[in-house]
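# What the coordinates show
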Amino acid sequence: MKNWIVLGATSAIAEDVMRLWAERGYRLFLVARNQEKMDIIKDDLKVRGAKQVETYVMDANETLKHITLLDEADKRMGHVDGVFIAHGTLPDQKVCEKSYEATYEEIHTNALSIISLLTEVANRFEERKHGDIAVISSVAGDRGRQSNYVYGSAKALLNSFLQGLRNRLTKSGVHVLTIKPGFVDTPMTVDFDKGALWASTEQVAEGIVNAIDKQRNEVYLPGFWWAIMFIIKHVPEFIFKKLSM
Ligand SMILES: NC(=O)c1ccc[n+]([C@@H]2O[C@H](COP(=O)([O-])OP(=O)(O)OC[C@H]3O[C@@H](n4cnc5c(N)ncnc54)[C@H](OP(=O)(O)O)[C@@H]3O)[C@@H](O)[C@H]2O)c1
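Residues numbered from 1 in each chain as written. Predicted model: local features only at pLDDT ≥ 70, side-chain atom pairs only at ≥ 80, totals over all residues.

Take the overall build of the chain next. Scanning the chain for helices and strands turns up 9 helices and 7 strands. Its C-alpha atoms give the chain a radius of gyration of 18 Å, near enough to 18 Å, the size a compact globule of 245 residues would have. For the chain, the C-alpha atoms occupy an extent of roughly 55 × 35 × 35 Å along the three principal directions. In the chain, the share of contacts with a sequence separation of at least 24, taken over all contacts with a separation of at least 6, comes to 68%. (Helix = DSSP H or I, 4+ residues; strand = E, 2+ residues; numbered from the N terminus. Rg over C-alpha atoms; globule rule 2.2 N^0.38 Å. Contact = placed C-beta atoms within 7 Å.)

A few words now on the nonpolar core. Most often, soluble globular proteins keep nonpolar side chains buried together rather than apart. Judged by nonpolar contacts, the single largest core of 64 residues is most densely connected at V6, L28 and L30. If near-sequence neighbours (up to four positions away) are discounted, L30 is found in contact with V6, A9, M38, I41, K42, V53, E54, T55 and Y56. (Core = buried A, V, L, I, M, F, W, Y, C linked by C-beta atoms within 7 Å. Buried ≥ 20, exposed ≤ 12 C-beta atoms within 10 Å, placed from the backbone.)

The next subject is the pairing of strand 7 (residues 218-221). Examined bridge by bridge, strand 6 (residues 174-181) and strand 7 share 4 bridges and lie parallel to one another. Bridge pairing in strand 7 links I179 to V219. As for the winding sense of the linkage, the β-α-β connection from strand 6 through helix 7 (residues 201-213) to strand 7 is left-handed. (Pairing = 2+ DSSP bridges. Right-handed = clockwise from strand over helix to strand, strands pointing away.)

The strand order across the open sheet built from 7 strands is 3-2-1-4-5-6-7, with neighbouring strands paired in parallel fashion. The strands lining the two open edges of the sheet, one partner per strand, are strand 3 (52-57) and strand 7. Each adjacent strand pair in this sheet contributes to an overall mean axis angle of 15 degrees, direction not counted. Bridge count for strand 2 (residues 27-32) against strand 3 is 6 bridges, and the pairing is parallel. Residue A32 lies in a different strand from strand 3, and its bridge partner there is V57. On top of the sheet, helix 1 (residues 12-23) reaches strand 1 (3-7), strand 2, strand 4 (82-85) and strand 5 (131-136); it is set at about 170 degrees to strand 1, its chief contact. (Axes fitted to C-alpha atoms, helices over the stretch in contact; angles between N-to-C directions.)

Take it as geometry only, folks, not as evidence of what the structure does.
Structure, rendered in structure tokens:
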């Protein structure tokens, strides 16, 4: 039996991960901004077999509320085995290019809010010598590109933070997973034309659950993104800077 806190619980990817966990009878503590959406998801998860489903309304950017949230999850679930973080936004790159405030806001949502949460989670799990941390980053964090480098740099910040955390927490038996999806068909990408590289939320959710089960450190989803990003990362900068990507 596992007790998980899921932040960004209304995300399409998170919902499919929770469906798989519900089938195993996990206990889930959902955190998101929208109570109505969470109520619908809660009913569905209970029908699928989740032993307990709790909901908690919070904007992830309200960092002063993070400690209260974690205390509340401990209180309602007895103990917490894992924290899965899925919230995120896809910035309008052009707007960010004209505004530091917009850029800061995006970096706050996509990286700093998560760093705030994980600072507290890491200390609790380290003390208990137990816990799983799984965070959705993105292949976009592997190399800055002109079309989305604000999003990419937030995810890159996250990647380095998670790497360091993993290195620190491994001796305490705490597992840290960095999840790097490629293109996934979700509300976040509704305006994009879809093609062969696109994955479904079900595919990605299965990959996430497997990677947690196998205690992987980092996972590209689907797996072929590892090869694509290997090539992209190794294009020499003097060539890369001339590409329109
Ligand atoms: N879709 C892709 O192609 C793709 C690729 C790589 C990585 N990812 C990452 O995958 C994760 C999940 O995204 P998704 O594709 O499943 O899209 P999604 O369904 O649009 O989910 C995004 C979620 O983030 C939540 N959120 C945004 N800002 C928030 C805030 N300040 N506080 C709390 N919740 C907030 C949204 O909540 P509301 O419902 O309240 O808006 C929504 O539930 C994100 O981290 C994203 O960066 C996605």
